[in-house]
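Chain by chain, the residues run as shown.
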Amino acid sequence: MLRQTKRQALAIANESQQAVWNRVQNSIYTMPIAEARGYVRARSAAVIREHTAQLLGKRHRFSERMVVKMQRLATEQVIHLILVQLLSGDTIDRRLAA
């Protein structure tokens, strides 16, 4: 069950990455890494919950505890993906601040 929880968390993270990036891209470039990490965590919460509900649907066999764990794992993965994108200098979607 833990393996499937991790697999679902990765799927949620991958599905959420672009939506989270769209939410943070205008502000994240001016922040120190620790602040950016917290900002991404806060801005990703609603996206992760929405994608979890979409992926699992109303009828799933995961306990509430496992769903929360899945969301935590997905959040950590999204933070990692966004910070890697930020630190790698990937500026494809970057909008320069005035």
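The preceding data block contains the structure.
Not measured: the values here are computed from a predicted model.

Participant: Would you explain the overall build of the chain in this entry?
Facilitator: The number of helices and strands found in the chain is three helices and zero strands. Secondary structure elements of the chain occur, N-terminal to C-terminal, as α-α-α. The principal-axis extents of the C-alpha atoms in the chain amount to approximately 50 × 20 × 20 Å. Across the 98 residues in the chain, those meeting the buried criterion constitute 35%. Summarising the internal contacts of the chain: among those between residues at least 6 apart in sequence, 76% fall at separations of at least 24.

Participant: Help me understand the side chain of Thr 52, please; the structure alone is not making it clear to me.
Facilitator: Along the chain, the position of Thr 52 falls in helix α2 (residues 33–56). Using a relative accessible area of 3% as the deciding quantity, one classes Thr 52 as buried. A distance of 2.7 Å separates the side chain of Thr 52 from the backbone oxygen of Ile 48, its partner in a polar contact. Sequence-distant contacts of Thr 52, that is, excluding residues within four places in its chain, are made with Ile 12, Gly 57, Val 67 and Gln 71.

Participant: Mind showing me how you'd approach the nonpolar core here?
Facilitator: Nonpolar side chains in soluble globular proteins tend to be buried together. Counting 23 residues, the largest nonpolar core has Val 20, Val 24, Ile 28, Val 40, Val 78 and Ile 82 as the members making the most contacts within it. In contact with Val 78, other than residues within four places in its own chain, are Ala 13, Ser 16, Val 20, Val 40, Ser 44 and Ile 48.

Participant: I would appreciate a short explanation of the packing of helix α1 (residues 2–24) against α2 in the present structure.
Facilitator: Pairs of packed helices are described in terms of their axes, by the angle between the two and the distance that separates them. At their nearest, the axes of α1 and α2 sit 8 Å apart, and the two run at 130° to each other. Compared by their axis directions, α1 and α2 come out oblique. For α1 against α2, the interelement crossing comes out right-handed. Within the contact between the two elements, α1 uses Gln 8, Ala 11, Ile 12, Glu 15, Ser 16, Ala 19, Val 20, Arg 23 and Val 24 and α2 uses Tyr 39, Val 40, Arg 43, Ser 44, Ala 46, Val 47, Ile 48, His 51, Thr 52, Leu 55 and Leu 56.

Participant: Which parts of the structure should I look at to understand helix α3 (residues 64–87)?
Facilitator: Along an α-helix, a turn takes 3.6 residues, which lines up residues three or four apart on a common side. A rise of 1.5 Å per residue sets the reference length of α3, with its 24 residues, at 34 Å; its end C-alpha atoms lie 34 Å apart and thus fit the reference within 8%. Positive phi shows up at Gly 89, right after α3, with a value of about 80°.

Participant: Before we go on, may I ask you to explain the pattern of salt bridges in this structure?
Facilitator: Opposite charge on two side chains allows them to pair when their charged atoms are near. Applying the stated criterion across every chain, the model contains one salt bridge. Of the charged contacts, one joins Arg 41 and Glu 76 as a salt bridge, the two residues approaching to 2.6 Å between their closest N and O atoms. One end of the pair, Arg 41, is in helix α2; the other, Glu 76, is in helix α3, with 35 residues separating them in the sequence. Residue Arg 41 is classed as partly exposed on the basis of its relative accessible area, which comes to 36%. Looking at Glu 76, the relative accessible area reads 40%, which means it is partly exposed.

What counts and how
- Residues numbered from 1 in each chain as written.
- Predicted model: local features only at pLDDT ≥ 70, side-chain atom pairs only at ≥ 80, totals over all residues.
- Heavy atoms only, no water.
- Helix = DSSP H or I, 4+ residues; strand = E, 2+ residues; numbered from the N terminus.
- Buried < 20%, exposed > 50% of the residue type's maximum accessible area, 1.4 Å probe, protein only.
- Contact = heavy atoms within 4.5 Å.
- Polar contact = N/O pair within 3.5 Å; in protein donor to acceptor, adjacent residues only side chain to side chain.
- Core = buried A, V, L, I, M, F, W, Y, C linked by side-chain atoms within 4.5 Å.
- Axes fitted to C-alpha atoms, helices over the stretch in contact; angles between N-to-C directions.
- Parallel < 35°, antiparallel > 145°, perpendicular 65-115°, else oblique.
- Left-handed = near helix turned anticlockwise from the far one by under 90°.
- Expected span 1.5 Å × (residues − 1).
- Salt bridge = Lys/Arg side-chain N within 4 Å of Asp/Glu carboxyl O.

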